[in-house]
Structures are given as structure tokens and as C-alpha cells.
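Results of the structural survey
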Amino acid sequence: MPTLATAPATETAPVTIPPASFSPRVQGLLAQMTLEEKIGQMTQLNISVINTTGIQKDVVLDSAKATALVRNFHIGSFINGEAVPAAQWVRYSAALQRIALRESRLHVPIVYGIDHMHGASYVAGTAIFPHNINLGASFNPELARQAARADLGGRLCTGNTD
């Protein structure tokens, strides 16, 4: 029986998405972007590079650092890495969004990444739940529903309704 190490390699066709599936606005933005802007949009940096101290736990935005990264390198995404009070998180992400809309040539908003797989780990004081695979392994659908309901509060306090 073949193992992963001995299994023959298979070729797969690249996934293509027909241009018609994008909105006209997205198509227009992509057509106007330079290669450097597209690469920047696909780049996600940890927020420590735009904090005043450069330390992840110090969630205080250095507007000059963020402005330079968006303007000069077209950075399109930052990922959160530290739990802070909800109000601070909202102020931080809103200020970063304003910088992106003002400084990017085509006024493209920032994608702000958060880890919300099993709780609002980016909001201080919220509950962290077992990963979904562990909830499934409990064979207790009601427990999973209760965790999901409780987790919703952590998202809503930041305005995150996705």
C-alpha cells in the first residue's frame, strides 16, 4: 500500500476564478493596481511593527509607522496578537483603517486579522473556548451551541458582526 512518502505525485489544475465573479469595483481596483500594490495587499504584518514600542503587548498605534508601511509598501493587512479592552481595540483598528483609506493610492481598506476560532482572544476579559474539533469530540451539540452563544458577546462588543 502506498504511503504519503511513496505515493505518486498528481498534478492538479490551478484554481481559476472567473473575473465576472468579482464586483465591478474590485475588477477596477485590480486593473489599476501596480504589481507592488498587489503584493502589498497580500502582505499581512503583526501589529507589533506599528505599535509605539514594537512590542506586541503594547497595543498603542504609532501612526507614523503605519502611514509609512501603507504609503511606501502598500501593506494591506495587519494581524492582532494581544488582548486589550474592547474600546481600545475599536479605537486602534479604526485609526488604522483611517490611515489606510487616506494613504493608499486607491483608498483600499485594511484587512485587520483576528484570531476568533474559539473566542475573542483579542479582547481582554472574554472567554476562550475549546477548539471546534474538541467541542465536536464531546458529542454534545448543546455545549457547542452554548459556547457559540457566549462567544458572540466577545465579537459584538467590538462591532464585529461577521
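What you see is a predicted model; the values in this text were computed from it and never measured.

1. Let's talk about the overall build of the chain
Of the regular secondary structure elements, the chain holds six helices and three strands. Helices and strands in the chain line up, N terminus first, as α-α-β-α-β-α-β-α-α. Partitioning the contacts of the chain with sequence separation of at least 6, the portion at a separation of at least 24 is 62%. Counting every atom, the chain has about 10,400 Å² of accessible surface; 63% of that belongs to carbon and sulfur.

2. Structural notes on the sheet that holds strand β1 (residues 44-46)
A sheet is described by the order of its strands in space; here three strands give the open sequence β1-β2-β3, paired in parallel fashion. Edge positions in the sheet fall to β1 and β3 (111-113), since each of these pairs with one other strand and no more. Strand-to-strand twist across the sheet, computed as the mean angle between neighbouring axes with direction ignored, equals 25 degrees. Strand direction decides the pairing type here: β1 and strand β2 (residues 77-79), joined by three bridges, are parallel. From the neighbouring strand, L45 faces β2, where its bridge partner is F78.

3. Structural notes on unusual backbone geometry
At H107, a residue that is not glycine, the phi angle is positive and equals roughly 60 degrees. Residue classification places H107 among the partly exposed residues on the basis of a relative accessible area of 44%. Look at F139: it is not a glycine, yet its phi comes out positive at around 55 degrees. Here F139 is to be found in the loop between α5 (132-137) and α6 (141-156). On the accessibility criterion, F139 (75% relative accessible area) is exposed.

4. Observations concerning the side chain of D62
Mapping D62 onto the fold places it in the loop between β1 and α3 (63-73). Salt bridges are absent for the buried D62, whose nearest opposite-charge side chain, K65, sits at 4.1 Å. Setting aside residues no more than four positions away along its own chain, D62 makes contact with I50, N51 and T52.

5. Focus on helix α4 (residues 86-103)
Taking 1.5 Å of rise per residue, the 18 residues of α4 would be expected to cover 26 Å, and the 26 Å separating its terminal C-alpha atoms lies within 8% of that figure. Within the sequence span of α4, burial applies to A86, W89, Y92, S93, A95, L96, I99, A100 and E103. Against α3, β2 and β3 lie the buried residues of α4.

Basis of the calculations
Residues numbered from 1 in each chain as written. Predicted model: local features only at pLDDT ≥ 70, side-chain atom pairs only at ≥ 80, totals over all residues. Heavy atoms only, no water. Helix = DSSP H or I, 4+ residues; strand = E, 2+ residues; numbered from the N terminus. Contact = heavy atoms within 4.5 Å. Areas by Shrake-Rupley, 256 points an atom, 1.4 Å probe, with all protein chains shown as cover. Pairing = 2+ DSSP bridges. Axes fitted to C-alpha atoms, helices over the stretch in contact; angles between N-to-C directions. Buried < 20%, exposed > 50% of the residue type's maximum accessible area, 1.4 Å probe, protein only. Lys, Arg positive; Asp, Glu negative; His and termini not counted. Salt bridge = Lys/Arg side-chain N within 4 Å of Asp/Glu carboxyl O. Expected span 1.5 Å × (residues − 1).

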